[in-house]
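Reading the structure
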Amino acid sequence: MDDKEKLERLQDVVVEEFLAMSPEEVMAFTTPEDLASIKSNLADAIAAAGRARLARAKAAAAKDARRPRLVGAAGGADALRQARANDADFDRKLTLAARKGSASYEADQSGIEEDLDELRRWEEDGDQA
């Protein structure tokens, strides 16, 4: 057993002994300044955890804001271009799926735009019927 393991074991034993003490026994080993310091450290830790949660939430919200949204077929080509420009990961996945790892970006773009135009025509035909 190396020194680090010995220290970790000693720390575990101290914590176990401390947790087994009654409040009165604990108060015999501490001062009001110690308690104030512990409360301050705990408040700082809670605040740091809150800031970390807020940062994760902001990052998730920013990522969600870049996520493509459903649009009507008439503006689909423009919406697709905007979605691809705003989210590089979406653009990479979309082009990879469209070309199945073989065709170029230009082939992807024209095929997708043709599909969107066809959907727009179907939607227009449905509105006239």
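Residues numbered from 1 in each chain as written. Predicted model: local features only at pLDDT ≥ 70, side-chain atom pairs only at ≥ 80, totals over all residues. Heavy atoms only, no water.

**Concerning the overall build of the protein chain**
Along the backbone of the protein chain there are six helices and zero strands. The helix and strand sequence of the protein chain, counted from the amino end, reads α-α-α-α-α-α. Looking at the 129 residues of the protein chain, the share that counts as buried comes to 11%. When contacts within the protein chain are restricted to residue pairs at least 6 apart in sequence, long-range pairs at least 24 apart make up 38% of them. Here the protein chain displays about 10,500 Å² of accessible surface, and carbon together with sulfur accounts for 57% of that area. (Helix = DSSP H or I, 4+ residues; strand = E, 2+ residues; numbered from the N terminus. Buried < 20%, exposed > 50% of the residue type's maximum accessible area, 1.4 Å probe, protein only. Contact = heavy atoms within 4.5 Å. Areas by Shrake-Rupley, 256 points an atom, 1.4 Å probe, with all protein chains shown as cover.)

**Observations concerning helix 1 (residues 3-20)**
With 18 residues, helix 1 extends 26 Å from end C-alpha to end C-alpha; this agrees with the ideal 26 Å at 1.5 Å per step. Counting buried positions along helix 1 yields zero of 18 residues, so the element is predominantly exposed. (Expected span 1.5 Å × (residues − 1).)

**Section: a nonpolar patch on the surface**
A surface patch of nonpolar side chains, about 310 Å² in accessible area, is lined by Leu-7, Leu-10 and Val-14. Counting through the fold element by element, Leu-7 comes out in helix 1. We classify Leu-7 as exposed; its relative accessible area is 60%. (Patch = residues over 30% accessible without salt bridge, like charges linked within 9 Å, V, L, I, M, F, W, Y side chains within 5 Å. Salt bridge = Lys/Arg side-chain N within 4 Å of Asp/Glu carboxyl O.)

**Some thoughts on the environment of Ile-112**
Looking at the secondary structure, you find Ile-112 in helix 6 (residues 105-128). Measuring from C-alpha to C-alpha, the distance between Ile-112 and Leu-80 comes to 8.9 Å, with 32 residues separating the pair along the chain.

**Brief notes about the confidence of the model for the protein chain**
It should be kept in mind that the predicted coordinates are not to be read in detail where pLDDT is low. Here the protein chain shows a mean pLDDT of 80. Residues at 70 or above account for 79%. Across the protein chain, the element-wise mean pLDDT spans from 67 in helix 5 (residues 88-99) up to 92 in helix 3 (residues 32-65). (pLDDT = per-residue confidence, 0-100.)

**Considerations on a negative patch on the surface**
A cluster of acidic residues, Asp-2, Asp-3, Glu-5, Glu-8, Asp-12, Glu-16 and Glu-17, forms a negative patch at the surface. By secondary structure assignment, the location of Asp-3 is in helix 1. Accessibility expressed as a relative area gives 57% for Asp-3, which makes it exposed. (Lys, Arg positive; Asp, Glu negative; His and termini not counted. Charge placed at Lys NZ, Arg CZ, Asp CG, Glu CD.)

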